[in-house]
Amino acid sequence: MEYLNYVIYALVLFFIVKRFIPVKGIKNISTTELKTELKDKSKQFVDVRTPAEFKGNNIKGFKNIPLHTLGKKAINELLMDKEVVVICQSGMRSQKASKTLKKLGFTQVTNVKGGMNAWR
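Residues numbered from 1 in each chain as written. Predicted model: local features only at pLDDT ≥ 70, side-chain atom pairs only at ≥ 80, totals over all residues. Heavy atoms only, no water.

As recorded by an unreviewed UniProt entry, the protein chain carries the name Rhodanese-related sulfurtransferase and is attributed to Aquibacillus albus.

Enquirer: Would you mind going over the pairing of strand β4 (residues 84-87) with me for this structure?
Expert: Residues in a regular strand point their side chains to alternate faces of the sheet. Burial along β4 is two-sided: V84 and V86 facing one way and V85 and I87 facing the other are all buried. Here strand β2 (residues 44-47) pairs with β4 via 4 bridges, running parallel. Across the sheet, the residue bridging to Q44 is V84, located in β4. Across 3 bridges, β4 lies against strand β5 (residues 109-112) in parallel orientation. The residue of β5 that forms the bridge with V86 is N111. (Buried < 20%, exposed > 50% of the residue type's maximum accessible area, 1.4 Å probe, protein only. Helix = DSSP H or I, 4+ residues; strand = E, 2+ residues; numbered from the N terminus. Pairing = 2+ DSSP bridges.)

Below, the structure is given as structure tokens:
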């Protein structure tokens, strides 16, 4: 029985650690770095917050595609051969969105660490 407890603890720890380890092929940038990236017109900028959050505060140049619709809309609304820069409120949803985009076949994906909370 004690052995089973160790296995359960190990699995829980594994899944927690896995959630926070960056996915291979996803670049992470700070909001300071984002300010220079915004000048690059060859990139696509996506905000994965809800429409209400986006309406309340957004960065010019970002397109709102909420996380829950990203899987369906990304293929039709984004170009596969251009880099996609993703932001949300805190960085958690954009990290999920980045993983989703990688699974869909996007090769150049960048996540903004800290999201809108870190944007000044």
